[in-house]
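# Structure at a glance
Chain by chain, the residues:
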Amino acid sequence: MKKFFIYLGLIFGASVSIYSQKNYDDYFTENSLRIDIYHCGNNNTEAVFFKEFLKEKIWAGTKKNLINSFDLGTYQVRVYDKNSGILIFNYGYCSLFGEYIHTEEAQNISKCFPESIIIPFPKDRVLIELHSRKIDDNKFYKIWEIEFDPKKDLVKEEIVFNYKTFNIDIKSNISEALDIVFIGDGYTFEDEESFLTDVDATAKYLMDNEPFKNFTQQINIRAVLPNSAESGTDLPQLNEYKNTALGTSFNTFGSKRYLTLYDYHILRNFCSTVPCDHVCVLVNTDIYGGGGIYNFWNVTAAKNQYRNEIFMHELGHSLAGLGDEYYDSEVSTEGMYNLNTEPWEANITTLVNFDSKWKNMIKKDIPIPTPVENKYSFEVGVYEGAAYKSKGLYRPFINCKMKSLGVAFCPVCQKTLSDIIKYYCE
Ligand SMILES: [Zn+2]
């Protein structure tokens, strides 16, 4: 999960699965199955409601790592072959609903949020389960399941055509690459040149920086431009609203700079014909803001002077589920972290089960916890203060892109990002 932009003031100043991998072609076709759902509830209860099955043209994900070895995300999708009962595919993700439940509003109002479960298209009957992680013990509990039979169930194949697609930088076969798709919001078709300039600059910055620099031959970049009726985005705090293709908006959950989009189904419509492992939305605005949610979306203010830095920080959230390493902000964190359990984010620890984190990356003579002193400036350690709390939560490095813009990802964040990129590329 998460999250929020970094405040401007900060700018410069896995458990391994016991299951064995399955042979892709035994169970899946070349398409994707998208299961559109509504994730509903409040701070106390959650429920999932089914909308429809959709068939998408391409499965862009890995065909080798069908059983995900990461233990990331608030939610986990598990797909079982109905005949044998064996697990054939899984993945984790977070969502906007998962953040909503921690807001004050969620104490009084139940809301529904569109989400999609996306899996390779099954050849035979499957059981699809959705599990939700409980904050009390950090374990997954099944909250919903549905059966799918490709021979019987109704599957929609409608495609939205009112958009343009562009191959920006294609290096590898889709099943052996991290396929990133940039989608523009608040750009009209007349803004095409402006959009492509933003895509090129953001993609170049990505490829020039670690750890992505090590994988330039395995990262494909494509772009999709839906035709927004108006340029810009919603600024509810100023009572300014724009009619845009994806409906992006600032002021999410009352946080002025939290730029997000509500309707995941609409977003997904615009990448249903493009190989897509990861969606990054560029918003045509110069106002500072962004957001990133693990395996969900990355949203960045494309015309802001800190665009590249915002994008990379949010990519830490959206691609690898990294937690924020800052702690001196006004972000409301009520109930987000339980200090009695180990959080699932790879770069945050409560020291409850530190063996499962970056302990093996710390040199023998470094004290745990590690004091913030000059001599440790470039040492992996355990520094108190992370994830919006100055006490009880720890980060791996004194400074990191998940803490401040303008600095590199720390070694722990780089390793996590590299592991995720490799997962897509094998
Ligand atoms: Zn870090």
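These numbers come from a predicted model, not from an experiment.

Time to look at the sheet that holds strand β1 (residues 28-41). Sheet architecture is open: three strands sit in the order β2-β1-β5, paired in antiparallel fashion. Because the sheet does not close on itself, it has two edges, and the strands there are β2 (46-56) and β5 (111-122). On average, adjacent strands in this sheet sit at an angle of 20 degrees to one another, irrespective of strand direction. Bridging between β1 and β2 involves ten bridges; their strand directions are antiparallel. Across the sheet, aspartate 36 pairs through a bridge with glutamate 52, a residue of β2.

The subject of this paragraph is the pattern of salt bridges. Evaluated as defined, the whole model comprises 27 salt bridges. The residue glutamate 105 makes a salt bridge to lysine 111 at a minimum N-O spacing of 3.2 Å. Its relative accessible area of 33% is what places glutamate 105 among the partly exposed residues. Among the residues examined, lysine 111 registers a relative accessible area of 31% and is labelled partly exposed. One connected set of salt bridges, linked through shared partners, spans Arg34, Asp36, Glu56 and Arg268.

Turning next to the sheet that holds strand β12 (residues 290-293). With mixed pairing, the six strands of this open sheet are ordered in space as β8-β10-β9-β11-β13-β12. Of all strands in the sheet, those bounded by a partner on one side alone are β8 (163-169) and β12. Ignoring strand direction, the axes of neighbouring strands in this sheet form an average angle of 20 degrees. Judged from the six bridges that link them, strand β9 (residues 178-185) and strand β10 (residues 219-226) form a sheet pairing that is parallel. Of the residues in β10, the one forming a bridge with leucine 178 is isoleucine 219. Of the strands in this sheet, β8, β9, β10 and β11 (278-283) are in contact with helix α3 (residues 192-207), which crosses β10 at around 160 degrees.

Before going further, it helps to examine the coordination of the zinc ion. Octahedral metal centres with six donors ideally show angles of 90 or 180 degrees, and tetrahedral centres with four donors ideally show 109.5 degrees. In the first shell of the zinc ion, the protein supplies Glu325 (OE), Cys400 (SG), Cys410 (SG) and Cys413 (SG), at 2.0 to 2.3 Å from the metal. In this structure, the zinc ion is surrounded by four donor atoms whose angles at the metal cover 96 to 128 degrees, and the resulting shape is tetrahedral. Donor residues for the zinc ion, ordered by position in the chain, follow E-x74-C-x9-C-x2-C. Of this pair, glutamate 325 sits in the loop between α5 (307-320) and β14 (383-386) while cysteine 413 is found in helix α6 (residues 411-425), placing the two residues 88 residues apart along the sequence. The class of glutamate 325 is buried, set by a relative accessible area of 0%.

In this section: the environment of asparagine 220. Inspection of the secondary structure puts asparagine 220 in strand β10. For asparagine 220, a relative accessible area of 0% translates into the label buried. Spatially, the C-alpha atoms of asparagine 220 and aspartate 277 are 9.8 Å apart, while their sequence positions differ by 57 residues.

Right, let's talk about the domain arrangement of the protein for a bit. Under the domain assignment, the protein is made up of domain 1 (24-148) and domain 2 (163-323). The centre of domain 1, based on its C-alpha atoms, is set 23 Å off from the matching centre of domain 2. Counting residues at the interface gives 30 residues for domain 1, matched by 27 residues for domain 2. A buried area of about 2,300 Å², summed over both sides, lies between domain 1 and domain 2, and 62% of it is on carbon and sulfur atoms. Sorting the residues of domain 1 by area buried against domain 2 places Ala60, Leu96 and Pro114 first, and these three jointly supply 27% of that buried surface. The interface formed by domain 1 and domain 2 contains one salt bridge. In this structure, arginine 268 and glutamate 56 form a salt bridge, with 2.8 Å as the shortest nitrogen-oxygen distance. For the pair domain 1 and domain 2, the number of links is ten residue pairs in polar contact (both at pLDDT 80 or more). Elements that contribute at least two residues to the side of domain 1 that touches domain 2 include exactly β1, β2, β4 (87-93), α2 (96-100) and β5. For the side of domain 1 that touches domain 2, the element with the most residues is β5, which contributes six residues. Here the side of domain 1 that touches domain 2 is built from residues that sort into 15 nonpolar, seven polar and eight charged.

Calculation criteria
- Residues numbered from 1 in each chain as written.
- Predicted model: local features only at pLDDT ≥ 70, side-chain atom pairs only at ≥ 80, totals over all residues.
- Heavy atoms only, no water.
- Pairing = 2+ DSSP bridges.
- Helix = DSSP H or I, 4+ residues; strand = E, 2+ residues; numbered from the N terminus.
- Axes fitted to C-alpha atoms, helices over the stretch in contact; angles between N-to-C directions.
- Salt bridge = Lys/Arg side-chain N within 4 Å of Asp/Glu carboxyl O.
- Buried < 20%, exposed > 50% of the residue type's maximum accessible area, 1.4 Å probe, protein only.
- Contact = heavy atoms within 4.5 Å.
- Donors = N, O, S within 2.8 Å, 3.2 Å for Na, K, Ca; no water.
- Tetrahedral: all angles 85-135°; square planar, octahedral: opposite > 155°, others 65-115°.
- Domains from an automatic or database assignment.
- Buried area = accessible area lost by both parts, 1.4 Å probe.
- Polar contact = N/O pair within 3.5 Å; in protein donor to acceptor, adjacent residues only side chain to side chain.
- Nonpolar A, V, L, I, M, F, W, Y, C, P; charged D, E, K, R; others polar.

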